[in-house]
Each structure stands twice: as structure tokens, then as C-alpha cells.
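# Commentary on secondary and tertiary structure
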Amino acid sequence: MDHLQTLDKYFQEQRDTHLEQLKDFLRIPSISSLSEHKNDMQKAAEWLLNAFQAAGLENLSIDETDGHPVVYGDWLHAEGKPTILVYGHYDVQPVDPLHLWKSGPFEPEIRDNKMYARGASDDKGQVFMHVKAVEALMKQNGSLPVNVKFIIEGEEEIGSPHLEKYIEANKEKLAADIIVISDTGMYGPGHPAVCYGLRGLCGVQIDVQGAKGDLHSGLFGGGVANPIHAIAEILASFHNQEGTITVDGFYDDVRPLADEEREAYKALNFDEEALKEEIGVTELFGEKGFSHLERTWTRPTLEVNGVFGGFSGEGLKTVLPAEAGAKITCRLVPDQDPDVIIEKLKAHIEKHKPAGVTVNVTEFDKGKPFITPFEHPAIQAAGRSYEKVYNVPTAFTRMGGSIPIVAAFDEILEVPVVLMGFGLSSENFHAPNEHFHLENFDQGLRVIGDYYYEIAAFSKDELKK
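What comes next is a walk through the structure. On a predicted model such as this, the values are computed, not experimentally measured, just so you know.

Moving on, we come to the overall build of the chain. Counting its secondary structure elements, the chain contains 13 helices and 18 strands. Computed over C-alpha atoms, the radius of gyration of the chain comes to 24 Å, within 12% of the 23 Å expected from 2.2 N^0.38 for 465 residues, which places it in the range of a compact globule. C-alpha atoms of the chain, sized along the principal axes, occupy 85 × 50 × 45 Å. Taking all 465 residues of the chain together, 54% fall into the buried category.

In C-alpha cells, the structure reads:
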């Protein structure tokens, strides 16, 4: 019996037990952004530590940070074999609006072979799968084919503000040959994907101040600058009519898309017509000369996320508002630097600032883009493991979103990062009725277990960046 058959037998026998254990994990309201859940964060960390111990991991610890703790465990007895560092997070998003949930967000329920609960897909369910894959191999063989280390944090949903410092301080403890993260998604139902690149992020708020207070639009309109007009003018200056960003130097450092990547995306046969119908638009929009996948995976963006100012209640209020503003974020691609882009944004805003108002720019979240060449052996090995279980070719994709800590792992530990996700974009992570398709839970356990064997076949030198 080969290792996949052995894993299959174990996971079939233990499925009900594993799902009940996952429910226990999901019942803990580990919301990192709300201070009233601080004790729940500690409870979730302790639950994970106990799960690590039951799986056979060693050197267990709950490591304090300046925020919520990091949970660590390892198994390091595969002499001469590569070491995999598994990263994930046990914190979850808030659950509002509560009335839209069909069942309690922390009362896990299985409906239509889907596990419904906050964190089911992002990321407790996927972290749990890695723990159970290790447990299965240890129960069946008494050992693992590779060395493993786990680092599961409690602050990913608030931007991992303290993890980079932790990684810097624990470089030797976390040293590995590859990093594996399951916090991304599949290409589609039944169609697995290995994500080898993420966009970075930077965000700012623009505040425009006019008069010292709101003014009567009949007495002052036409004679005093209107901050809403000013913010509209600034925002309109960011793009031309074809969707190209007009900030000077914005594209200077953008790494061109390789021909083999472009061909791989074409081969996915992405259905743009189906997307338009799904999201309810008549046309897709973006830079000319790029497909939708290229625009959303490999090109940088500048998006207005919110505009505020003036009166927006029922009826009319003839007011000339004193202030207005907007929040914008940019998704960045290799080799753009968030700090450089923010300086370019500030220069653009200053250049296009209308007369009669003052403008202030406040910086918010920043994260660097990340990419591992998709021909890297660790990436290709992940594709093979998916294909063995799902029996379809694996897609190699980038992702339009951002996980800022991935770039920090890449830069500090200097090892390849493999993003092996099992979620689907339809699973409502960050929204009411978050859920996880259990067919991907079942198959993902087997993929992870097989991947450890795939990596065991490489020497450490073969896995270097």
C-alpha cells in the first residue's frame, strides 16, 4: 500500500473525529481586532498547542509578542532531509452584520457538505489540515518524511503588526528550506492552483480642508473653494480614460510579465463573460493590452475605496462643506516599493491640488509584493501533489490580493514560499456565512500529506532560491 492509500484509509476512518475537533477550534471567537476577545485569543493559542502535541510535534511553545501570541511546534528527526516551515493564523475577522448569518458564526454547522463558521476557510480550517496531515503520518509511520516547523500567529487579520519583529528575533529557530502557507484559494471548484505571487499594498487617506466651518451655499457658493469639488478633481487626476494610472513614475519599477506566464494564463481559458454575469456588470475595465487575469494578478492598481464629505442625508441641505476626503489603496507588483509609491502619490496630489484648500495625506497599511518563480521545484512539486489527488492539471497563478507577511518571510528567511490554498472565492471569508467546502478539506489533507513526500525527494541545495 503506497502512502496515498495509507493516508486515505486513515482520513476516512478519522473523518468524523476530525470534523468534531475542527468544530471545537471554530467555536473559539478568536477575533484579534477586538480587545474583549483577548482571552479567547489565548484560548485559541492553547487549543492549537494541545493539537500540536496530539499530532506528535515537539518543542512546543506559546511565544509572547507585543500583541497576540505565536504558537510554535516542530519535529526535526528526518536527518539530512529538507525542513518545511508551515505558517498560518488562528485569528479571525469580526462577524458583523450578525443578522445575516444563517447559523451562529461561532456555532459550527455542516450544511450541504460545507462547514459554516467564522474561520472555517480563513484560516483555521486550513491550519487544522496541516496539523492533521502531520498527525496522520506520525500515527501511520511513527515519523515524517521531512522535518517540519509550525508558526501560527494571532494577528494576520490586523496586518501582522508584530510578526516581522518576531521573525527577525527567531531567524535560527525558524530556519527552513521552504515555507508552506495555506491561506489562499483554488482556481475554481475541482481546479487546484499553486499561487506563486502576491501583490503588495499601500494605502493613504486624503483630507481636504476648505473654510474653517460649513458655509451657506447661497451666500458663499461660487466664491469659496468647495472641498468636495477639490477631492473629486484630485481623484479624477489619478487615471486617464483608458484606466492607466497617471501618477508620474508609477510604473517605473514594474517587472514585465514573462511570455511563459502569459501563455500559462491564456491556457486557463478564463471566462470573462461568466465573470461579468456573476458580478453584475456590462463590461470589464482596465489597462489596454492586458487580459482580466493579467490586470488583476500582475498589474498594479490605484483604487478609490471611499469618499466622504458634505451632507448625504434625506432631502437637501444647501451647504458648502468645510472638509472632504477619500481613502485610496494601491496594489503593487514586483519590484515596486510601497514607500516609493507613497512618495509619488504625495507628489502627484501636491501637483494637482486646487487653489483655496489645504490637503493632508495620511499613510496607512503597507506591504511589499512577493513572487517565487513558478518553475521552482517546490512550486512544481506542489502541482504534482494536487494532480495526484484531484486528477486534473494544476493551475499556476498569482493572486491579486496581499498577504504582507509573506514578503517579510521571503526577505528575512530567504527561502522559497509555496502558497497551497484549498479555499474557494465563493466561501465568504470576511463576510457573513463563511464556509469551507468539505470536499476540499478531504482532498486537501491528502495533498498536504503527499507533498511532504514530494519535498523529501529533493536535496536542500535543489530547493534553494
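Here we take up the packing of aromatic side chains. Scanning all chains against the criterion turns up twelve aromatic pairs. On the basis of an interplanar angle of 5° and a centroid distance of 4.4 Å, the ring pair of Phe25 and Trp47 is categorised as stacked. Taken together, the residues Phe25 in helix α1 (residues 3-26) and Trp47 in helix α2 (residues 38-55) connect sequence positions 22 residues apart. Of the residues examined, Phe25 reaches a relative accessible area of 0% and is grouped as buried. Taking 5.2 Å as the distance between ring centres and 65° as the angle between the ring planes, the aromatic pair formed by Tyr87 and Phe409 counts as edge-to-face. Of this pair, Tyr87 sits in strand β3 (residues 83-89) while Phe409 is found in helix α12 (residues 404-413), placing the two residues 322 residues apart along the sequence. Taken together, the ring pairs connect Phe25, Trp47, Phe128 and Phe441 into an aromatic cluster. Cation over ring: Lys124 sits above Phe25, and NZ or CZ is 5.0 Å from the ring centre.

With that settled, consider the layout of surface pockets. Here the second largest pocket is characterised by a volume of approximately 170 Å³. Lining the second largest pocket are 13 residues, with Arg255, Pro334, Asp335, Pro369 and Glu411 positioned closest to its centre. Contributions of two or more residues to the lining of the second largest pocket are made by β15 (370-371) and α12. Element by element, the count of residues in the lining of the second largest pocket is highest for α12, at three residues. Broken down by class, the residue content of the lining of the second largest pocket amounts to six nonpolar, one polar and six charged.

Looking now at the nonpolar core. By size, the foremost hydrophobic cluster in this structure holds 78 residues, and its most contacted members are Tyr451 and Ile455. What Ile455 contacts, discounting residues up to four positions off in sequence, is Pro82, Ile84, Val146, Ile178, Ala378, Ala381 and Leu463. Core analysis: the next-biggest nonpolar cluster, separate from the first, contains 26 residues, Ile181, Val406, Phe409 and Leu413 among them.

Attention shifts here to the pattern of salt bridges. Within this structure, the stated rule accounts for 28 salt bridges. Here Arg15 makes a salt bridge to Asp442, at a shortest N to O gap of 2.9 Å. On the criterion of sequence distance, the pair formed by Arg15 in helix α1 and Asp442 in helix α13 (residues 438-456) is long-range, its members being 427 residues apart. Residue Lys266 pairs with Glu263 through a salt bridge whose shortest N-O separation is 3.7 Å. With Lys266 and Glu263 both in helix α7 (residues 259-267) and three residues apart, the pair spans about one turn of that helix. A relative accessible area of 54% means that Lys266 is categorised as exposed. Given the relative accessible area of 47%, Glu263 is considered partly exposed. Residues joined by salt bridges that share partners form a network here, namely Asp339, Glu343, Lys346, Glu363 and Lys366.

Their axes nearest at 8 Å, the elements helix α11 (residues 377-390) and α13 cross at an angle of 135°. Here α11 lies oblique to α13, going by the angle between them. The way α11 lies across α13 gives a crossing that is right-handed. Between α11 and α13, the residues in contact are Ala378, Ala381, Ala382, Arg384, Ser385, Tyr386, Lys388, Val389 and Tyr390 and Asn440, Gln443, Gly444, Arg446, Val447, Asp450, Tyr451, Glu454 and Ile455, respectively.

Reading guide: rules and limits
- Residues numbered from 1 in each chain as written.
- Predicted model: local features only at pLDDT ≥ 70, side-chain atom pairs only at ≥ 80, totals over all residues.
- Heavy atoms only, no water.
- Helix = DSSP H or I, 4+ residues; strand = E, 2+ residues; numbered from the N terminus.
- Rg over C-alpha atoms; globule rule 2.2 N^0.38 Å.
- Buried < 20%, exposed > 50% of the residue type's maximum accessible area, 1.4 Å probe, protein only.
- Phe/Tyr/Trp six-rings, centres within 6.5 Å; stacked < 30°, edge-to-face > 60°.
- Lys NZ or Arg CZ within 6 Å of the ring centre and 35° of its normal.
- 1 Å grid on protein atoms, 1.4 Å probe; cavity = no way out; pocket = protein on both sides within 12 Å on 5 of 7 lines; lining within 4 Å.
- Points joined across faces, edges and corners; volume = space filled by probe spheres on them.
- Nonpolar A, V, L, I, M, F, W, Y, C, P; charged D, E, K, R; others polar.
- Core = buried A, V, L, I, M, F, W, Y, C linked by side-chain atoms within 4.5 Å.
- Contact = heavy atoms within 4.5 Å.
- Salt bridge = Lys/Arg side-chain N within 4 Å of Asp/Glu carboxyl O.
- Axes fitted to C-alpha atoms, helices over the stretch in contact; angles between N-to-C directions.
- Parallel < 35°, antiparallel > 145°, perpendicular 65-115°, else oblique.
- Left-handed = near helix turned anticlockwise from the far one by under 90°.

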